[in-house]
Amino acid sequence: MSKATLTAVFIAFLLTSSGAKPNGKNKKPKQAVPAIECDMRAGKINLSEFIVKCPANCRETKEKVYGTGVFASISSICNAAIHSGVITNSGGKVIVTKMAGQMIYKGSFANGVRSLSLPNRRESFSVSGVHRPETGTIIRRQPHVSSSSAAFSRVQPQSERKQHTAQSNPAFARRDWPHPAYTRPDWFSGTRRPTDSSQSVPNTGSKWSRMSTGDPAALDPRPDNTEYEYQLYNFGQYSPAPEHKPPSETSSPVPEVLSQGDSNCKVDIAFLMDGSWSIGKRRFEIQKDFLVGVSQVINVGVAGPMMGIIQYGDDPVTEFSLKHFSSSIDLTPAISKIVQKGGLSNVGKALSYINKHFFSDANGNRGGAPNVAVVLVDGWPTDEVEEASRLARESGINIFFVTIEGPDENEKQNVVETNFVDKAVCRTNGFFSFPIMSWFALRKAVQPLVKRVCDTDRLVCSKTCLNANDIAFVIDGSSSVGTGNFRTVLQFVANVTQEFEISDTDTRVGIVQYTYEQRLEFAFGQYNNKADLLNAIKRINYWSGGTSTGAAITFAADQLFSKSKPNKRKIMIVITDGRSYDDVRAPALAVHRKGVIAYSIGIAWAAQDELEYIATDPDRDHSFFVDEFDNLYKYVPKIIHNICNEFNSQPRN
């Protein structure tokens, strides 16, 4: 009996040995906490819920983990716990809860552990910490967050609100907090002030017609911050900073707040704020207040959303990255210190910047959290966005556009790229775009925007092994296959295709059928939704003829992979039932050198040596053989698993 099996038996014995008390009361048995090894899988322990103690340094063992949040039962318990952030690499106690199997387990990188993707399993499990506090903030310094705050601020007269603020929160009376930029902007009043002539230029029909001179002297003095507190309460989750007393007046030092954040909104968000001169100084301050409101509502924390800000004008610059702040309280003063940089509104350049530089492990990208970019635009971009946004989407970035005071009919002639929002966002269904009629209505978008960016089920551009590919099927249509078997091959192709997310910015599929000659059945992107693609596969007609596999591989390289998108993984799946009449080694080597990942599937009389030549190394992961066409279906999950395993093992971006 192996050491792992003995450990599993011992754990099961400890966890089931305690029963009902002799007095007949059905008390919950006290759970034991046995130590386990790093390689212990959840499926080895036949209990629905139990507690284990993980040793230190499990991350160094690189035991396999499959899934994110919910893990396949063949995963290492301890490495799943590290991946989820329940424990660190120093070990600790973990609660394991079994649950039903999942159709797909998506891999990710988190906390130093790379989890893998996997198709359907019969059993899953989740992990949580022992004595874990409720979701939200682990309070070391108690911030005040009250659901009644907004109601209080609405019913109290302004004079009473001011008195309440001064008495209960002396920090608000301090001259150094909040920053002067935090005080109430005009837009909170709900009415737009007339803009005096010193702050604007005549309307010339161009973007610059709405440009403020930016004279600081023209800004209204705003010494009273009580109304600012009131409006942030109306955002929903504002919590005023607690009083800081001198060390001599406190019984113990006040430690920092360690925020866990909202675990139901685990996303990495980049806000691209418009710093162009056309926005003006006053609207730039409104934009900052909007970002403060978002940061308060979204509840930033290490187990929830993380937030960074890029300011763009002529060129983009990172104000702070994802890793700089781990709580909304810390974000608030950081946003207030942002200084307008000016320039044009080069949104395309900013999107290229975040795609290449912002979402990286070095900048705090967590891998297991969807990447979101929210672009705020005053009017319209001054450069083209289509190509930059396409590349960003194909890297897995979910793009939202918030356009404020867009071009009117007289200004549309000055727009560089018409329909720029539809060209930039992830889907043209309205979910990813927010047209705001006035800067003074911007605050109304805070709650709806937060709700959407936290809806991870609808963040469709997150890059995974299922939506990051150009897949070419190269299908043998020779006479030895026969009509019936050819339909079986097409069903196999459809079953593999069914597992992927199909669209122009997700996975694309192309098919070549070959005999002595080659025929392009359809190209990448010809069918951009799954239903149309599956119907097209069914409509492919059997050809019949000889078997020239080498020429077919070269044809696929020329007709399909030469048109592959830059950020797509190029995958070729060759299906053949016999030895080729021409050489396959040279064509296969040529596509390997172009970065194509090649799989070979041989049936019946296929030549093993040719299958190995076609397949990418190692052969055992990319070359398969079945004795009958009817057994092809068995390799669908294996191929999906290997594609995902290979994807997850590569560095992100």
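Please read all numbers here as calculations on a predicted model, not as lab measurements.

Reading guide: rules and limits
- Each residue is numbered by its place in its chain's sequence as written, counting from 1.
- Residue-level local features of this predicted model are given only where pLDDT is at least 70; pairs of side-chain atoms are given and counted only at 80 or more, and the full residue set underlies all totals for whole chains, interfaces and linings.
- To get the side-chain values, all heavy atoms of the structure are used, and hydrogens and water are removed first.
- A run of DSSP states H or I qualifies as a helix once it reaches four residues; a run of E qualifies as a strand once it reaches two. Both are numbered from the N-terminal end.
- The buried label applies to any residue whose accessible area, calculated with a 1.4 Å probe on protein chains only, is under 20% of its type's maximum; exposed applies above 50%, and partly exposed to all values in between.
- Contacts: residue pairs with any heavy atoms within 4.5 Å of one another.
- Residue-level accessible areas treat just the shown protein chains as cover; the underlying method is Shrake-Rupley with a 1.4 Å probe.
- Note on pairing: two strands pair once DSSP finds at least 2 bridges between them.
- Working convention: axes come from line fits to C-alpha atoms, limited for helices to the stretch in contact. Angles between N-to-C directions cover 0 to 180 degrees.
- Any Lys or Arg side-chain nitrogen found within 4 Å of a carboxyl oxygen on Asp or Glu counts as a salt bridge.
- Cysteine sulfur atoms are paired as a disulfide whenever they come within 2.5 Å of each other.
- The arc in question is formed by the directions pointing from the helix axis toward the C-beta atoms.
- pLDDT measures how confident the predictor is about each residue, on a scale from 0 to 100.

Below, the discussion takes up the overall build of the protein. Each helix and strand counted, the protein has 18 helices and 23 strands in total. In the protein, buried positions account for 52% of the 653 residues. Residue pairs in contact within the protein that sit at least 24 positions apart in sequence constitute 79% of those at least 6 positions apart. Summed over its atoms, the accessible surface of the protein is roughly 29100 Å², and 50% of this surface lies on carbon and sulfur atoms.

Attention shifts here to the sheet that holds strand E12 (residues 268–274). Taking strand neighbours across the sheet as the criterion, the six strands line up as E14-E13-E12-E15-E16-E17 in an open arrangement whose pairing is mixed. In the strand order of this sheet, the two ends are held by strand E14 (317–320) and strand E17 (433–436), each with one partner. Between one strand axis and the next, the sheet turns through 20° on average, direction left out of account. Bridge count between E12 and strand E13 (residues 306–312): seven bridges; the pairing is parallel. What sits directly across from methionine 273, in E13, is glutamine 311. Each of E12, E13 and strand E15 (371–378) is contacted by helix H6 (residues 280–298), which is oriented at about 165° to E12, the strand it contacts most.

The strand order across the open sheet built from five strands is E1-E4-E9-E3-E2, with neighbouring strands paired in antiparallel fashion. Both outer strands of the open sheet, strand E1 (49–54) and strand E2 (67–68), are each paired with one neighbouring strand and no more. The pairing of strand E3 (residues 70–72) with strand E9 (residues 123–129) spans two bridges and is antiparallel. Within the sheet, the bridge partner assigned to alanine 72 lies in E9 and is serine 124. The strands that helix H2 (residues 77–84) touches are E1, E2, E3, strand E4 (92–100) and E9; relative to E9, the one it contacts most, it runs at about 60°.

All chains considered together, the criterion is met by 14 salt bridges. Among the ionic contacts, a cluster of salt bridges with common partners joins Glu387, Arg390, Glu394, Asp504 and Lys565.

Let us now look at the state of the cysteines. A full pass over the atoms with the stated rule returns five disulfides. With its sulfur 2.0 Å from that of its partner, cysteine 465 forms a disulfide with cysteine 644. Between cysteine 465 and cysteine 644 the disulfide shows an S-S torsion of about 70°. By sign, it is right-handed. With cysteine 465 in the loop between helix H11 (446–453) and strand E18 (469–476) and cysteine 644 in helix H18 (residues 636–648), the pair connects residues that are 179 residues apart, well separated along the chain. The class for cysteine 644 is buried, based on a relative accessible area of 1%. With its bonded cysteines labelled in order along the sequence, the protein shows the pairing 1-3, 2-4, 5-7, 6-8, 9-10.

What follows deals with the environment of valine 347. Tracing the chain through its elements places valine 347 in helix H8 (residues 347–358). Taking relative accessible area as the criterion, valine 347 reaches 0% and is therefore assigned buried. Taking C-alpha positions, valine 347 is 7.3 Å from threonine 382, a pair spaced 35 residues apart along the chain. When near neighbours in sequence (up to four residues on either side) are disregarded, valine 347 contacts Tyr312, Val375, Val377, Pro381, Asp383, Val385 and Phe401.

Position of threonine 497 relative to the elements: it lies in helix H12 (residues 483–498). By relative accessible area, threonine 497 is classed as buried at 1%. Excluding residues within four positions of it along the chain, threonine 497 makes contact with Phe473, Ile502, Val509, Lys530, Leu533, Leu534 and Ile537.

Let's shift gears to the side chain of threonine 547. The topology assignment puts threonine 547 in the loop between helix H13 (530–538) and helix H14 (549–559). By relative accessible area, threonine 547 is classed as buried at 5%. In this view, threonine 547 contacts Asp476, Ser478, Tyr514, Thr515, Tyr516, Thr576, Gly578, Arg579, Ser580, Tyr581 and Asp582; residues no more than four positions away in its chain are not counted.

Quick look at the pairing of E17 now. Residues Phe434 and Ile436 of E17 are buried on one face, while the alternating residues Ser433 and Pro435, pointing to the opposite face, are not. Sheet topology note: the strand E16 (residues 397–404)/E17 ladder contains four bridges and is parallel. Its bridge partner lying in E17, phenylalanine 401 is registered against serine 433.

So, on to helix H15 (residues 585–593). Helical periodicity: at 3.6 residues per turn, an α-helix aligns residues three or four positions apart in one direction. All of the buried residues in H15 are Pro587, Ala588 and Val591. Mapping the buried residues of H15 onto a view down its axis gives an arc of 100°, with all of them on the same face. Where H15 is buried, its residues meet H14, strand E21 (569–576) and helix H16 (608–614).

The next point concerns the environment of alanine 388. Here alanine 388 is to be found in helix H9 (residues 386–394). The buried category is assigned to alanine 388, whose relative accessible area is 10%. Note: C-alpha distance between alanine 388 and serine 352 (36 residues apart in sequence) is 5.3 Å. Setting aside its immediate chain neighbours within four residues, alanine 388 contacts Gly348, Leu351 and Ser352.

Attention shifts here to the confidence of the model for the protein. For the protein, per-residue confidence averages 77 on the pLDDT scale, and residues scoring 70 or more make up 74% of the total. Taken together, the stretch residues 15–28 has pLDDT below 50 and engages in ten contacts with residues farther than four places along the chain or on a different chain. Overall, residues 132–257 carries pLDDT values under 50, and its contacts beyond four positions in sequence, including any with other chains, amount to 198 contacts.

Across the eight residues of E15, eight count as buried, placing the element largely inside the fold. Where burial is concerned, the two faces of E15 agree: the one with Asn371, Ala373, Val375 and Val377 and the one with Val372, Val374, Leu376 and Asp378 are both buried. Where E12 meets E15, five bridges bridge the pair, whose relative direction is parallel. Bridge pairing in E15 links alanine 270 to alanine 373. Bridge count between E15 and E16: eight bridges; the pairing is parallel. Considered in E16, the bridge of valine 372 is made with asparagine 398.

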